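# Coordinate analysis (summary)
Residue strings, one per chain:
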There are 2 protein chains.
Amino acid sequence: MMKNDVVQLLEEKHIKPSLHRIKILEYLMVHRNHPNVDMIYKAIGKEIPTLSKTTIYNTLKIFQESGIVQFLTVEENEVRFDATMQHHAHFRCVTCGAVHDIELSSKVFEMESVDGHRITGSQIYFFGHCRDCSQLRVIS
Amino acid sequence: MMKNDVVQLLEEKHIKPSLHRIKILEYLMVHRNHPNVDMIYKAIGKEIPTLSKTTIYNTLKIFQESGIVQFLTVEENEVRFDATMQHHAHFRCVTCGAVHDIELSSKVFEMESVDGHRITGSQIYFFGHCRDCSQLRVIS
DNA sequence: ATCATTGCAAACACTTTGCATACGC
DNA sequence: GCGTATGCAAAGTGTTTGCAATGAT
């Protein structure tokens, strides 16, 4: 993921590519770790000392409204962010807290309505023990 | 749903059936509206004026640990509760905020592992405009 | 000069915690 | 009386808001 790709994506969506916006989107595109606001803040704050969380919140909201990122409510107490918009599920490890993308060919994603309700979006969340945490458990 | 059913369920799970616990579980069983804490508080508070939200939080946590209710993170800013433990999906109307149960025969619910991660639970969430809100939109 | 972006601090909302009180057996 | 259940108030935490300061053209 080159910086130019990020800039181009922002321009396509008619979002002025300011330094902050580029860095935030770049972080999401490169890491793909479904961060919360604090993770982004800690990571980018090193490069941009004056960065505020308010800007991160504002920026992510703009990104969501433009369809560049989606909000994940896979945690009870905080929102996480995902710059991958293609249909996929998410797995959250209840031990280490990591969130992984899950490629899943499910008809759920293709449903346009259910019980008379018009569907505009969907999320599939899995919970459990991730590969690494399961192995640790076996060893110990 | 009779009061006796609620008491019996609590006793099965070795939870002392206090008045508060009975009322809270009864509310969940009868209404099945996936309430948040405030909805429960406002509803039951009429009958039990001294009820505190702390008790509701405590009680729901006990219920969850005993497998009587599940927590839904279908909202960005609050937790909702569901006393139906059978596999099903949820639909949240982004217009009116209502959350509906969706009966869904999906293989997603039967998966025990994915990408090497051990699955212990899953949630399927749909978002969109519910039947009522869609109709209103058509009329206006 | 003007308009959008950013940042600080306060406000907000939901939830948790500590500890004192009340209740049930 | 003793142990649990409950409740109040305060603290904690993630997020939003108001408004001033900064930055870009």
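### What to know about the domain arrangement of chain A
Residue and element names in this part refer to chain A. Domains assigned within chain A are domain 1 (3–82) and domain 2 (89–139). Taken together, the contact pairs 10 residues of domain 1 with nine residues of domain 2. Put simply, domain 1 and domain 2 have one salt bridge between them. Our count for the contact surface shared by domain 1 and domain 2 stands at seven residue pairs in polar contact (both at pLDDT 80 or more). When contributions to the side of domain 1 that touches domain 2 are tallied by element, the ones reaching two or more residues are β1 (70–72) and β2 (80–82). Of the residues forming the side of domain 1 that touches domain 2, the biggest block, three residues, is contributed by β1. Considered class by class, the residues forming the side of domain 1 that touches domain 2 number three nonpolar, four polar and three charged.

### Side note on the relation of the copies chain A and chain B
Here chain A sits on chain B after a turn of 180° about the axis and a move of 0.0 Å along it, with an RMSD of 0.1 Å. Such a combination of turn and shift is consistent with a two-fold rotation axis. Within chain A, A:Ile124 has its C-alpha nearest the rotation axis, a separation of 2.3 Å. Comparing interface residues between copies, 100% of those in chain A also lie at the interface in chain B; the contact surface is shared.

### A word on the packing of aromatic side chains
Counting across every chain of the model gives three aromatic pairs over all chains. On the basis of an interplanar angle of 70° and a centroid distance of 5.8 Å, the ring pair of A:Tyr125 and B:Tyr125 is categorised as edge-to-face. Of the two residues, A:Tyr125 is situated in strand β6 (residues 117–129) and B:Tyr125 in strand β6 (residues 117–129); the pairing between them involves two chains. The residues A:Tyr125 and B:Tyr125 share a single accessibility class, namely buried. Each ring, one from B:Phe71 and one from B:Phe81, has its centre 5.0 Å from the other, and the planes form 90°; the classification is edge-to-face. Here B:Phe71 is found in strand β1 (residues 70–72), whereas its partner B:Phe81 is found in strand β2 (residues 80–82), with 10 residues between them in sequence. One exposure class covers both B:Phe71 and B:Phe81, and it is buried. Of note, A:Lys53 hangs over the ring of A:Tyr41, and the distance from its end group to the ring centre comes to 5.3 Å.

### Considering the protein's contact with DNA strand C
As a matter of local geometry, DNA strand C sits amid 14 residues, with A:Ser18, A:Arg21, A:Thr50, A:Thr55 and B:Tyr57 nearest to it. Each atom of DNA strand C within 4 Å of the protein belongs either to a base or to sugar and phosphate, the latter forming 76%. In this structure, a phosphate oxygen belonging to DNA strand C sits 2.5 Å away from a side-chain N or O atom of B:Tyr57. Elements that contribute at least two residues to the surface near DNA strand C include exactly α2 (19–31) and α4 (53–65) of chain A together with α4 (53–65) of chain B. Split into classes, the residues belonging to the surface near DNA strand C amount to four nonpolar, eight polar and two charged.

Definitions and cut-offs
Residues numbered from 1 in each chain as written. Chains lettered and ligands numbered in written order. Predicted model: local features only at pLDDT ≥ 70, side-chain atom pairs only at ≥ 80, totals over all residues. Heavy atoms only, no water. Domains from an automatic or database assignment. Contact = heavy atoms within 4.5 Å. Salt bridge = Lys/Arg side-chain N within 4 Å of Asp/Glu carboxyl O. Polar contact = N/O pair within 3.5 Å; in protein donor to acceptor, adjacent residues only side chain to side chain. Helix = DSSP H or I, 4+ residues; strand = E, 2+ residues; numbered from the N terminus. Nonpolar A, V, L, I, M, F, W, Y, C, P; charged D, E, K, R; others polar. Least-squares fit on C-alpha atoms with pLDDT ≥ 70 in both. Phe/Tyr/Trp six-rings, centres within 6.5 Å; stacked < 30°, edge-to-face > 60°. Buried < 20%, exposed > 50% of the residue type's maximum accessible area, 1.4 Å probe, protein only. Lys NZ or Arg CZ within 6 Å of the ring centre and 35° of its normal. Near = heavy atom within 4 Å.

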